[in-house]
Amino acid sequence: MMVRSYAAVDLGASSGRVMVGRLGPSTLELHEAHRFGNEPVRLPDGLHWDILGLYRDVRTGLQRAGEVRSAGIDSWAVDYGLLDASGALLGLPYHYRDARTAAPDPIDSYQTTGIQHLPFNTVHQLRAELPERLAAARTLLLVPDLLAYWLTGQAGAERTNASTTALYDVTAGQWAWSLLDDLRLPRGLFPALREPGTPIGPISGTGTPLVAVASHDTASAVVAVPATGADFGYISAGTWSLVGVELDTPVLTEASRRANFTNEVGVDGTIRYLRNVMGLWLLQECQRAWREPDTAALLAAAAAAPAFAAVVDPDDARFLAPGDMPARIDGYCTETGQPPPADRPGYVRCVVESLALAHRAAIRDAARLSGRTVSVIHLVGGGARNPLLCQLTADACGLPVVAGPVEATALGNVLIQARADGGPADLAAMRQLVAGTQALHRYQPRGDPGAWDKAAALVS
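Cut-offs applied
- Residues numbered from 1 in each chain as written.
- Predicted model: local features only at pLDDT ≥ 70, side-chain atom pairs only at ≥ 80, totals over all residues.
- Heavy atoms only, no water.
- Helix = DSSP H or I, 4+ residues; strand = E, 2+ residues; numbered from the N terminus.
- Rg over C-alpha atoms; globule rule 2.2 N^0.38 Å.
- Buried < 20%, exposed > 50% of the residue type's maximum accessible area, 1.4 Å probe, protein only.
- Contact = heavy atoms within 4.5 Å.
- Pairing = 2+ DSSP bridges.
- Axes fitted to C-alpha atoms, helices over the stretch in contact; angles between N-to-C directions.
- Core = buried A, V, L, I, M, F, W, Y, C linked by side-chain atoms within 4.5 Å.
- Phe/Tyr/Trp six-rings, centres within 6.5 Å; stacked < 30°, edge-to-face > 60°.
- Lys NZ or Arg CZ within 6 Å of the ring centre and 35° of its normal.
- Salt bridge = Lys/Arg side-chain N within 4 Å of Asp/Glu carboxyl O.

> When you look at the overall build of the protein in this model, what are you seeing that I'm missing?
Of the regular secondary structure elements, the protein holds 17 helices and 21 strands. Relative to the compact-globule value of 23 Å for 460 residues, the protein shows a C-alpha radius of gyration of 21 Å, a close match. Each of the three principal axes of the protein carries a C-alpha extent, and together these read 60 × 55 × 45 Å. Sorting the 460 residues of the protein into buried and exposed places 58% on the buried side. Counted over contacts in the protein with a minimum sequence separation of 6, partners at least 24 positions apart contribute 71%.

> It is not clear to me how the sheet that holds strand 15 (residues 232–237) should be interpreted in this structure. Could you clarify?
Across a sheet, strands are paired by hydrogen bonds formed along the backbone, either parallel or antiparallel in direction. Strand order across the open sheet formed by 7 strands is 17-18-16-15-19-20-21, with mixed pairing between neighbours. Sheet topology places strand 17 (262–265) and strand 21 (441–443) at the edges, where each strand pairs with a single neighbour. Within this sheet the neighbouring strands show an average axis-to-axis angle of 30 degrees, counted without direction. Strand direction decides the pairing type here: strand 17 and strand 18 (residues 271–277), joined by 4 bridges, are antiparallel. Residue Val 265 lies in a different strand from strand 18, and its bridge partner there is Ile 271. Against the sheet, helix 13 (residues 344–370) makes contact with strand 15, strand 16 (241–247), strand 18 and strand 19 (376–380), and its axis sits at roughly 20 degrees relative to strand 16, the strand it touches most.

> Where do I start with the pairing of strand 16 in this structure?
Along any regular strand, the residues point their side chains to alternate faces of the sheet. Taking burial as the measure, the 7 residues of strand 16 include 7 buried ones, the bulk of the element. As paired elements, strand 15 and strand 16 share 5 bridges and run antiparallel to each other. Among the inter-strand pairings, Tyr 234 is bridged to a residue of strand 16, identified as Gly 244.

> So what exactly am I meant to see when it comes to the nonpolar core here?
Side chains that are nonpolar tend, in soluble globular proteins, to be buried together. In terms of nonpolar packing, the biggest core is built from 155 residues, with Leu 62, Leu 167, Phe 190 and Ile 329 touching the most fellow members. The dominant element in this core, judged by the number of residues it contributes, is helix 13, at 14 residues. What Leu 62 contacts, discounting residues up to four positions off in sequence, is Ala 7, Val 9, Val 18, Ala 71, Leu 151 and Ile 203.

> What is the right way to look at the packing of aromatic side chains in this model?
Given two aromatic rings, one states the distance between the centres and the angle between the planes to describe the pair. Counted according to the given criterion, the structure contains 11 aromatic pairs. For the ring pair Trp 49 and Trp 76, a centre distance of 4.1 Å and an interplane angle of 35 degrees mean the geometry is tilted. Of this pair, Trp 49 sits in the loop between strand 5 (46–48) and helix 1 (51–65) while Trp 76 sits in the loop between strand 6 (71–74) and strand 7 (80–83), and the two are 27 residues apart along the sequence. One exposure class covers both Trp 49 and Trp 76, and it is buried. With a centroid separation of 5.2 Å and 55 degrees between ring planes, the pair formed by Tyr 96 and Phe 120 is classed as tilted. With Tyr 96 in the loop between strand 7 and helix 2 (110–113) and Phe 120 in the loop between helix 2 and helix 3 (122–127), this pair connects stretches of sequence that are 24 residues apart. For the residue pair Tyr 96 and Phe 120, the accessibility class agrees, reading buried in each case. Aromatic rings pair up to connect Trp 49, Trp 76, Tyr 96, Phe 120 and Trp 240 into one cluster. Between the NZ or CZ atom of Arg 97 and the centre of the ring of Trp 281, over which it lies, the distance is 3.6 Å.

> Sorry if this is basic, but what is going on with the pattern of salt bridges here?
Between side chains of opposite charge, pairing is possible as soon as their charged atoms come close. Under the definition given, this model contains 26 salt bridges. Between Arg 100 and Asp 98 there is a salt bridge, with its nearest N and O atoms 3.9 Å apart. Judged by relative accessible area, Arg 100 falls into the partly exposed class, the value being 24%. Judged by its relative accessible area of 8%, Asp 98 is buried. Note that Asp 395 is salt-bridged to Arg 446, the shortest N-O span being 3.7 Å. Of this pair, Asp 395 sits in helix 14 (residues 387–397) while Arg 446 sits in the loop between strand 21 and helix 17 (449–457); the two residues are 51 residues apart in sequence, bridging distant segments of the chain.

Structure follows, in structure tokens:
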């Protein structure tokens, strides 16, 4: 296979970019064609995504990408647009942090969907819809599928992202039709499923083929985990930390449900068995409150701050919405009998140690509940740039952490396109190419494990 170029549209919760990947037998490299912000819009009826701005920037990025063999789109999960009978969008998609789903009624569907209970799951968002908007809707498209529809005119639902909605039957591999009927959601709202690697159609105005990739960004990131065996755990670390193991079949036990683990579909029939942890959102919101953009300086100061001065549960509901994160951390510490951090390095140390503890709990629970041995943790995504997070995760888990690649999601996006174009044939070959071409850093555990046990007791 000659070296070929592909465009990866990678949309995150705070920014997006279009990357060009060059791939050959011993080549896998990326360069950025276009980067842009992704700021939500607060309207009188709630918090929304600026999907029109995203579409404009995706178009701009694809133009700047130049000549490529194909393009693919990945993004965050659960959020969607509704189309009417003419194919027109019925209002801006809601943001998953919008307060309309803050306290949803529980749904007993774990045995069918395998999806952990999160207040912003697609199923809860649909139950919070205005009846008149839902009545006018004829098609539901998750964010990558909506953009693909506007680019090509072809509607569909890529499987890895569809599996995150809590409306997908993870055992049957189809929409959970009986659940949809029980919830009185029209079956016709949910389009035909697409597999990663399926051609969608030519992009209007350019003719470039658009290919369905693993359109949930975590699914693409896991494709690019540079693992050489099956005994690995992974953390896709960014605004969220997605922490888990890769399995062949879902785990639908009551113990798994109580532990709030999710069974999302990966590439080639795999299951991403994981827990969503709030992630570096807490640090990002602290920085926004402080108007402090220099993350490296904050982390350097935090590395010298006292250990375990205070820890929090990152998944406490108070931390979900945008707002004054330092004040919320103060409130948590006060309620749990801990002194709040005294300065900015203290807050950052608190956040990163708390994330490391959450990573430890999720990795241990994933191994226990699935029966999978974990001997190494692969930490990919933007968090791989955070040496304090990587080292503290190794310390907390008592396992080596291999950090990188940082651009795992875009690489996974490119790899799926390349496979559809005659490239690496399976996950093992894709991961071997990643391991041989990308910069990786190994962190060995250090320090006193007992100190982590004591800290964990504060948030258990």
